[in-house]
Structure formats: structure tokens, C-alpha cells
Amino acid sequence: MMSGDNGNLLSVRDLRTYFETEDGTVKAVDGISFDLKRGETLGIVGESGSGKSVTNLSVIRLIPSPPGRIVSGEVLFHGQDILSLPAEEVRRIRGKRISMIFQDPMTSLNPFMRISRQLMEITQLHLGHTREQAYEHAVRMLETVGIPEARARVDSYPHEFSGGMRQRVMIAMALSCEPELLIADEPTTALDVTIQAQILELIRKLKEETGTSVILITHDLGVVAGMTDDIIVMYAGKIFEQAPTRELFAAPGNPYTKALLKSVPDPVHEEGTDLYQIPGLPPDVAHLPPGCPFAPRCYHAEEVCRREFPPFVQLNAEHFSLCHFAGEVYAESRAERDARGGATPSGANVEPSENLGAVDPSENPTQGGAGR
Amino acid sequence: MKFRFIVRRLIVTVPMVLIVITLTWGLIRLAPGNFYSTEKKLPPAIEKNIRAKYGLDKPWYVQYGRMMWNIVRLDFGNSLKYENETVNDILWRTLPVSATIGLLAYLLALVVGVLTGTLAALKPNSKLDYVSMALAMLGISLPNFVLGPILVLVFSLSLYWLPPARWNGFPSWNLVLPVLTLSAIYMAYIARLTRAGMLEVLRSDYIRTARAKGLSERQVVVRHALRGGLLPVVSFTGPALAILISGTVVVERIFAMPGLGNYFINANLNRDEPLIIGIVAFVSIAVLVFNLLVDIAYAFIDPRIRY
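Please read these numbers as outputs of a predicted model, since none were measured by experiment.

What counts, and where the lines are drawn
Residues numbered from 1 in each chain as written. Chains lettered and ligands numbered in written order. Predicted model: local features only at pLDDT ≥ 70, side-chain atom pairs only at ≥ 80, totals over all residues. Heavy atoms only, no water. Helix = DSSP H or I, 4+ residues; strand = E, 2+ residues; numbered from the N terminus. Buried < 20%, exposed > 50% of the residue type's maximum accessible area, 1.4 Å probe, protein only. Contact = heavy atoms within 4.5 Å. Lys, Arg positive; Asp, Glu negative; His and termini not counted. Charge placed at Lys NZ, Arg CZ, Asp CG, Glu CD. Buried area = accessible area lost by both parts, 1.4 Å probe. Salt bridge = Lys/Arg side-chain N within 4 Å of Asp/Glu carboxyl O. Polar contact = N/O pair within 3.5 Å; in protein donor to acceptor, adjacent residues only side chain to side chain. Nonpolar A, V, L, I, M, F, W, Y, C, P; charged D, E, K, R; others polar. Expected span 1.5 Å × (residues − 1). Phe/Tyr/Trp six-rings, centres within 6.5 Å; stacked < 30°, edge-to-face > 60°.

A.B. asks: Which parts of the structure should I look at to understand the overall build of chain B?
C.D. replies: If you tally the helices and strands in chain B, you get 13 helices and zero strands. Counting helices and strands in the order they occur from the N terminus, chain B gives α-α-α-α-α-α-α-α-α-α-α-α-α. Structurally, chain B occupies a C-alpha span of about 85 × 60 × 30 Å along its principal axes. Residues classed as buried in chain B amount to 45% of the 307 residues present. Looking at chain B alone, contacts between residues at least 24 apart form 71% of all its contacts between residues at least 6 apart. One way to put it: in chain B the 31 positive side-chain charges average out to a point 7 Å from where the 16 negative ones average out.

Below, the structure written as C-alpha cells:
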């Protein structure tokens, strides 16, 4: 296997993806940069329309065009820029080395095609399997993702499977060629809560078995808490905060992240109280105000926020925040945590925020923790 | 299960055809004139003889009952105009002509329509899309009694490339113009149906999945998109094919083709009751059977459908 530059499997540099609409240019992704190390899991969190899905569709160049257009940036996969590769070579990466799971398993499988054919086609394409090999591989993959009586059910059509089962099929399909990177775009959003946990557990287990790197996109902080090494919080096409998971939960350095954390329901401590919600709506990314896009909804906003675009502040080695008051918010978070009796502010073994309720990130030993 | 569905549908076909025939029979009675009426008034004695010969002096329910009894035995009797031929003879003689023109026209419409519709859907709002959809609009709005004569004027009477009319067996150059004329509107309609269907499918999640697998655009379209995208065309095919095969009045008239449609007009003008009823019965059976075939085809195309 090729070795990438300094252990990074994927490096996204200043990615900008715009959509031309009648309403003007929508800057869905506007200057995103991040790294993903081999074997790590990155969580991308944000509200609907924050650009998290577009970011990842851009990575494998699946932006529908027109109206979408990747305006600038680099997506370095093993140091090679996917955005400048010919289409045919991108296709050789898609599904084989980078694969995706989508949000809605009910519509993401072809309703007219047997599950077996949909699974076989990917290994026949990328691994040169014969029909028989591909069929056996399909059965094995279905067994791997925990579909009972896989051999008997492999020839079913998607409508004969439940939502959770279909998402398992999607995962089987995505992992068929043992990809180096799995992008899971809200893999549990369309599923029942009980099934959600099963699917996340399955992704985690398979990730540990195969060593695949994972990008997990979600709007549910509870989902990323237990699964990721690092988290990116996106808002209006920009990265608002970027930090190792524990650090982000323990001491968020951005008012938006704080608000997101606050809006996760906590039945233990807040029983009987109203659920917190961020006031207002996400901005129209076609007509962004000159200042900070979050300013109209921010509890911390001052005059400068409405006037000037905020700086991307480095809070410590691996913690960044896009905010005029990043330092103050960070200090405030640490003080709050200390008041709750947390560990030392810069400590490596900080406890997760109590706001998370039932979710406990410490289940998953963090490799990218603060102060590493 | 599928077999039972087919049998049930075939059984339903019988009363439907009988209802159509009854209505037709009633309408013929309501229309003014007779098969024997001429410009000169017939002497009453002769008219009485004619009416007696054809049973028209009997009460209407006797006439209706006799007609129905013949039809149940699939014997439509003799034509009143072409007295040496039975209606069945005429049907068997004219059907191949109509079916040849109709099938060729639909085949052409299908190939050209699906192709342009798919290409247009792959590049929406491109030049190709705009040009082909403008042509399709023209094809739908231009009646074939206008298009036919224009084609004849250009290709026969000006360029002398193709014969302007008449049946000359299959294959022959005589078929080109009528098939084109007949095909135009179906071509246009299928192109639009295909474009709409493909556009919808190409936007769907499972096509994104197919692309994310690394399939080529051709594989994505042919293997994943066409099946769902062409469903509207399949449902259109049933009635369209039934109507095309059983003869199209205008085109057969313009190109002087001895097909079902041409005879149907004559039969109506002549008040040739047995022939009218024979053709109507045949066309309605064709429509019902082709619709049934489409429903059966649907079950094979879309596994979610169960009867």
C-alpha cells in the first residue's frame, strides 16, 4: 500500500463547492480544510444545509453538475489530488478505495435489482470477480454485516428488507472491496432509535476489524461522541470548530458548538425543563451577511461579529475555532467544566460533557485526544 | 398467482367487449341513413323486400339478439357492401397491412423516442435537450393529416425519392412515408415521456449509489436508470400499440393503404353494420389484451408489484 504524506490518508485543502441557482451562488462549502489519518474516525457535525454532505460528495466528485461546481481546493488521497484526476481514475477510486453509505437506505438501493446483483456488480467491477466469486463474496458480506440466513436472502429485492436490514446491505456493499476510507453520510438518521445503535455498533466493529478510516457525517452529536477521534463542526459551509472529540465535548471553544451541545436532550438532569434550542434558522448561504454567519443566532455576539468575518483561532495544538471570542468562550467552557468538577483544563483525560446524557465517549479510547 | 390474475382479467374482457359492441350497435341505429340508401328514393316495395331480406323488419330486440348470437360464435356475417366477402375475410385481409405499418411506426417511435429522451435527460437544459424537446413539441402539435401531405409534397412530388402512396407489400419503399407520418407523434410523445421518467430516476438516491460504486456513466444509465425511467413508456405502449396495429384512419386514407382503418371509414360511410361491428370488436379486444400484456410486463419489470 502506498504511504501518504505524514500518515494522512486524506487531506482536504481549502475546498470550495458552489451551486449556481436562480437565487445566486450558494456557497455550500467555502474553504474547508482537514486531515484524516489512516485508521482514524472523523466526525462532521452540523445542521441541515451546513455543507457537511456536500463536502463529502466533493471528496469523491459526486456533486451533481450543473448546478454544482467544485470551485477550488485540493482533495489529497495518499497525496494525490482527486480533483485533478481524469474521471475514469476517480471511478477506480469510488467504491473500491473510498466508499459511501447514504442517509436513506429505503431509497438508496435500486428497487428493480436483486440484492445479490447490486452487491456482485461492485466486486466484479473493482476486484475482477467472476459471477460465482462475486456471488459467494456477496453472501459472505451479508453474513459479515449480520443478515441472518444470508444465502437464502441474497437474491431478495430491497423492498423485501426492512430499513435496518437495507442499511446493513448498504454497509456490506460499501465494504465489499475493503476500502481505505468509508464515508457514512448520516447512516442512522432514517432509522429507528433501536436500529440506530445496532448500525453504529456494526460500523464501529467493522472499522476495528478492517482498519478502515471513517468519516461520519451527522447532525446528532450523540452519534459522534462514542465513535470518533476528531470532530469538525460545520456551519454555513465553514468549519466553525475543529478538535479531538474529548476536547470538543469537554471544552468547546465556539458558541455554536456550545449551543449544539446544550440542545442535546439530557433526561437525567433536565427532567421537566424545556429543551434548549438555538434561536433562529440557519442562514441562507446564497446571501450571507458580511460578518460571522452565526452572529444573528449567537448568545455571545457583539457589534464586531456583525461587521467582520471571524478569525480561525488556534486554541491549542489540535483545537481550532472560528470566532472573534474563541479564547473567551474556551476559557468560559473550561471554567464551567472545572465548576462541575472535571479534570484539569489541559489534561489529557478529560471527561465528556455531562450534557451528553447517556452517551459516553470514553467507551472508545480516543487516539487524538487533547494534549497528546 | 400471476396465472390467476391473467385468467381473471381475460374473463373481464368478455363483458367489456360486449358492452362496446352494444353501444356501437346503438349508435349505428341512431345515425341517419341506411346501407341501401341512395340519392334516388327507392320504391317502397323494393325497400320492403330489402328490409325483409336483412331482417330489418323484425323488432329491435330480435335484431340485437341475432347479432349478439353471431358474435358469440365469432361469425360477424357478410359485409353489406362487399357482398362476396365475410367480415372475417376482410379483417384477415386488411389486418396485415395495418399491423405492418403500425408495428413499424411504433418500433421507430420507440427507438428514436427513447434514445433522444434519454440523451436529453442526461444533459438537461443543453442544446440537445432544447432542440429535441422543441422538435417533440412540434411532433405532438402537428396533426398527421398535415404532416403526411407535407412529406408527400417534399419527398415524392418535389424530390421524387419515395412513392407517395399505395400498398406494395413488405418491405417496400411505399412504407416509408406512411410509417414516418404515423410515427411522428408517438416518437415525440415517447421522447417526452422518457425524458421526464429518466430525469426523475437520475435524481434518485439509488443512482447516486450506483455512481458511488464507481460504475461508468453508461453502466449507470443502462443498468440502473433505464428500467425505472422507462416505466411510463411501458404503460403508454399498451394502448398505443393496440390503436396503431388496428389501423389508423387518417394515415391509411392519405396514403391509400388497404388497411383496417381505411375500411373502417368506408364501413361507417356505407352504414355497413356487420363490418363496423366486426372492426370495433377486434379493436376493443386488441386494446384490452394489450393493456393486459402491459400489466403483465409491469410485474416482470418492477418486482414490487404483486397481483
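Continuing now.
A.B. asks: Explain the interface of chain B and chain A here, please?
C.D. replies: A common way to express how large an interface is: the accessible area buried when the components associate. Each partner contributes residues to the interface: chain B has 20 residues there, and chain A has 24 residues. Counting each side, the surface lost to burial between chain B and chain A is near 2,100 Å², with a carbon and sulfur contribution of 61%. Taken together, the connections running from chain B to chain A amount to two salt bridges. We note a salt bridge from B:Lys213 to A:Glu121, for which the minimum N-O separation is 2.7 Å. Inspection of the chain B/chain A interface yields eleven residue pairs in polar contact (both at pLDDT 80 or more). Those elements giving two or more residues to the side of chain B that touches chain A turn out to be α8 (205–212) and α9 (217–229) of chain B. Of the residues forming the side of chain B that touches chain A, the biggest block, six residues, is contributed by α8(B). When its residues are assigned to classes, the side of chain B that touches chain A shows six nonpolar, six polar and eight charged.

A.B. asks: How do you make sense of helix α1 (residues 2–30) of chain B when you look at a structure like this?
C.D. replies: Because the α-helix completes a turn every 3.6 residues, residues three or four places apart line up on one side. All names here are of chain B. The terminal C-alpha atoms of α1, which comprises 29 residues, lie 42 Å apart, in line with the 42 Å expected from a rise of 1.5 Å per residue. Every buried residue of α1 is accounted for by Phe5, Thr13, Val17, Ile21, Thr24, Trp25 and Ile28. Packing partners of the buried residues in α1 comprise α3 (60–72) and α13 (273–301).

A.B. asks: Teacher, can you tell me more about the packing of aromatic side chains here?
C.D. replies: When we look at a pair of aromatic rings, we describe it by the centre distance and by the angle of the planes. One pass over the structure, following the stated rule, counts 14 aromatic pairs over all chains. Relative to B:Phe236, the ring of B:Tyr189 lies with its centre 4.8 Å away and its plane at 40 degrees, an arrangement referred to as tilted. Of this pair, B:Tyr189 sits in helix α7 (residues 176–202) while B:Phe236 sits in helix α10 (residues 231–245); the two residues are 47 residues apart in sequence, bridging distant segments of the chain. Chaining the aromatic ring pairs together yields one cluster made of A:Tyr235, A:Phe240, A:Tyr256 and A:Phe294.

A.B. asks: Help me understand the side chain of A:Ser108, please; the structure alone is not making it clear to me.
C.D. replies: Of note, A:Ser108 is situated in helix α3 (residues 105–108). There is a polar contact of 2.8 Å between the side chain of A:Ser108 and the backbone oxygen of A:Asp104. Apart from residues lying up to four places away in sequence, A:Ser108 is in contact with A:Phe102, A:Met170, B:Asp205, B:Tyr206 and B:Thr209.

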